[in-house]
Amino acid sequence: MLAVYLSPVYILLNLYILRWLLRWMNACSGYFHGKKPKACVAVVYTLLATALLTGFLMPAGNLQRVLKLIGNYWLGVMLYALLVILAADLIRLILRIFVWKDWGRDKETDKKWKILRERRGFAVIGAVCVILMAAACIGGAVNARIIRTTDYDISIDKHAGNLDELKIVLAADLHLGYNVGHLEMEQMVRKINAQKPDLVVIAGDIFDNEYEALDDPDRLISILKGIKSKYGTYACYGNHDIQEKILAGFTFGGKHEKKESDPRMDEFLKKAGITLLKDKGLLIADSFYLYGRPDFHRPGRGIDVRRTAEEITSDFDKDKPIIVIDHEPKELDELSKAGVDLDLCGHTHDGQTFPGNLTVGLMWENSYGYLRKGDMHNIVTSGVGVFGPFMRLGTKAEICAVNVRFAG
């Protein structure tokens, strides 16, 4: 219902952007003074602004895929158009109140600010705004496609059998679907294998809600099977690893309806050689424990209430290192007190796009990077893929190479 309530806001914001766009084009050229050119611009704008809804309502197919991709990009374009236009209008309002108040009575003021108040001035200012919007959107789209490697070095004061050290590669938030596909996964696998890891873990949100969104599941499976590590690849599910319809971040269905992963998702991981840990732990090489937690909000099929931090470690030999993969970086205190040594998470995307990267820290104790919690190390990755617009501004797509040293 929230999506329905917010739809008038979405419409008003788009009308605000469209009105500014028509005014700017009118200032740039007399061609846009006529009704027909304005109508054409309005129609094209409307098609772009409603692409997400149109794609949501259409049956699965190539046209739906194109519309959803356009709609996802549009969310990013709209965000930066709003930020730039609002900033320009705010500056103009401040000038009008504090600088142009003597306009028409002071010849010096008239002369100094004349160009900014004329049509050609608005054309120039609008052109600067459009350049800023384009730079933000294009830069964000390019940046989102470059997967980087972030290194962490930590020490765990426990003996791990015959192991003195362990190299773990952490990935999360692949969001396989309309945005992320073969090219991104091929790049990710190359980056992972270049680290020559002992262990690979994927901390949730492997899928982007809809299994049908996968362009070629068999090819994706083949690519992910190429991940090489000594002890294998393990994963837990996140809040998007469920089958549900989603529109601009809003989900639909009964409020109390239990959301579960599509069985094809589970089978996909099995074929890709990825072991899914669903509230389950195991002892690897008789040296360390690895536990995969279900998502905090959506634990998924077969799990009504996920095990507590204390229950996770109750059957473990706490003299051995305990590593947990958990999609959301929650319950850090509880995990630390329960004897967990390393907690690996994703979910936050580090805010993904400006200004989200400036505000995400208000919602999480550790929204990105490294945090020491008692004797526990917590690492949160910004993730490989994206949710919504295929853009990253102020953040990076990454895998994390975690070099762990044990007590000698």
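Quick caveat: nothing in here was measured; it's all calculated off a predicted structure. (Residues numbered from 1 in each chain as written. Predicted model: local features only at pLDDT ≥ 70, side-chain atom pairs only at ≥ 80, totals over all residues. Heavy atoms only, no water.)

**Q** In this structure, what is going on with the overall build of the protein chain? I would like to understand it.
**A** Helix and strand content of the protein chain: 12 helices and 14 strands. For the protein chain, the spread of C-alpha atoms along the principal axes amounts to about 85 × 50 × 40 Å. Counting every position in the protein chain, which comprises 408 residues, the buried fraction comes to 50%. Restricting to contacts in the protein chain with at least 6 residues of sequence separation, those with at least 24 account for 76%. Surface accessibility of the protein chain: about 19,800 Å² in total, with carbon and sulfur atoms responsible for 59%. (Helix = DSSP H or I, 4+ residues; strand = E, 2+ residues; numbered from the N terminus. Buried < 20%, exposed > 50% of the residue type's maximum accessible area, 1.4 Å probe, protein only. Contact = heavy atoms within 4.5 Å. Areas by Shrake-Rupley, 256 points an atom, 1.4 Å probe, with all protein chains shown as cover.)

**Q** Just to check I follow, could you spell out the pattern of salt bridges for this structure?
**A** Side-chain pairing between opposite charges can occur once the charged atoms of the two side chains come close. A full pass over the atoms with the stated rule returns 15 salt bridges. Put simply, D262 and R264 hold a salt bridge, and the shortest N to O gap is 2.7 Å. Look at R264 and you get partly exposed, because its relative accessible area is 37%. Put simply, R293, R306, D326 and E331 are held in one network by salt bridges that share partners. (Salt bridge = Lys/Arg side-chain N within 4 Å of Asp/Glu carboxyl O.)

**Q** Can you walk me through a nonpolar patch on the surface in this structure?
**A** Together, L90, L93, I94, I97 and F98 make up an exposed nonpolar region whose accessible area comes to about 500 Å². In this structure, L90 sits in helix 4 (residues 62–98). (Patch = residues over 30% accessible without salt bridge, like charges linked within 9 Å, V, L, I, M, F, W, Y side chains within 5 Å.)

**Q** Would you mind going over the sheet that holds strand 10 (residues 322–325) with me for this structure?
**A** In any sheet, the strands associate via hydrogen bonds between backbone groups, in a parallel or an antiparallel arrangement. Pairing is mixed across the open sheet formed by 6 strands, whose spatial order is 8-9-10-11-13-12. Only two strands of the sheet have a single partner each, and these edge strands are strand 8 (280–284) and strand 12 (369–373). With strand direction ignored, the average angle separating the axes of adjacent strands in the sheet is 20°. By the bridge criterion, 5 bridges tie strand 12 to strand 13 (residues 376–380) in an arrangement that is antiparallel. What sits directly across from Y370, in strand 13, is I379. (Pairing = 2+ DSSP bridges. Axes fitted to C-alpha atoms, helices over the stretch in contact; angles between N-to-C directions.)

**Q** Quick question: what am I supposed to make of the nonpolar core here?
**A** Soluble globular proteins: nonpolar side chains tend toward being buried together. In terms of nonpolar packing, the biggest core is built from 32 residues, with L176, M185, M188, I206, F207, L224 and F268 touching the most fellow members. If you list the elements that add at least two residues to this core, you get strand 2 (165–171), helix 7 (182–194), strand 3 (199–203), helix 8 (217–224), helix 9 (263–271), strand 7 (274–276) and strand 14 (397–406). The contacts of F268, once residues within four sequence positions are left out, are L176, F207, Y211, L214, P217, L220, I221 and L224. (Core = buried A, V, L, I, M, F, W, Y, C linked by side-chain atoms within 4.5 Å.)

**Q** For this particular structure, what's the right way to read the sheet that holds strand 14?
**A** The strand order across the open sheet built from 6 strands is 1-14-2-3-4-7, with neighbouring strands paired in mixed fashion. Looking along the sheet, the strands with just one partner apiece sit at the ends: strand 1 (147–156) and strand 7. Within this sheet the neighbouring strands show an average axis-to-axis angle of 25°, counted without direction. For strand 2 and strand 3, the ladder comprises 4 bridges, and the chain directions are parallel. Each bridged residue has a counterpart across the sheet, and for A171 the counterpart in strand 3 is I202.

**Q** Help me out: how do you make sense of helix 8 in this one?
**A** A turn of α-helix holds 3.6 residues, and therefore any two residues three or four places apart point the same way. Every buried residue belonging to helix 8 is among L220, I221, I223 and L224, and all of these are buried. On an axial view of helix 8, the arc spanned by its buried residues comes to 160°, and they lie on one face. Along helix 8, the residues that are exposed and aim more than 90 degrees away from the buried face are D218 and S222. (Arc of directions from axis to C-beta.)

**Q** What should I look at first to understand the packing of aromatic side chains in this one?
**A** Enumeration according to the criterion identifies 9 aromatic pairs in this entry. Taking 5.3 Å as the distance between ring centres and 80° as the angle between the ring planes, the aromatic pair formed by Y31 and F32 counts as edge-to-face. Given the relative accessible area of 57%, Y31 is considered exposed. The interplanar angle of 90° and the centroid separation of 5.1 Å between the aromatic rings of Y45 and W74 together place this pair among those described as edge-to-face. Highlighted residues: Y45 in helix 2 (residues 35–49) and W74 in helix 4, separated in sequence by 29 residues. Overall, W74 belongs to the buried group, its relative accessible area being 10%. For the cation-ring pair, R145 lies above F390, with the distance from its terminal atom to the ring centre recorded as 4.1 Å. One residue, K330, lies across the ring of F296, its end atom 4.6 Å from the ring centre. (Phe/Tyr/Trp six-rings, centres within 6.5 Å; stacked < 30°, edge-to-face > 60°. Lys NZ or Arg CZ within 6 Å of the ring centre and 35° of its normal.)

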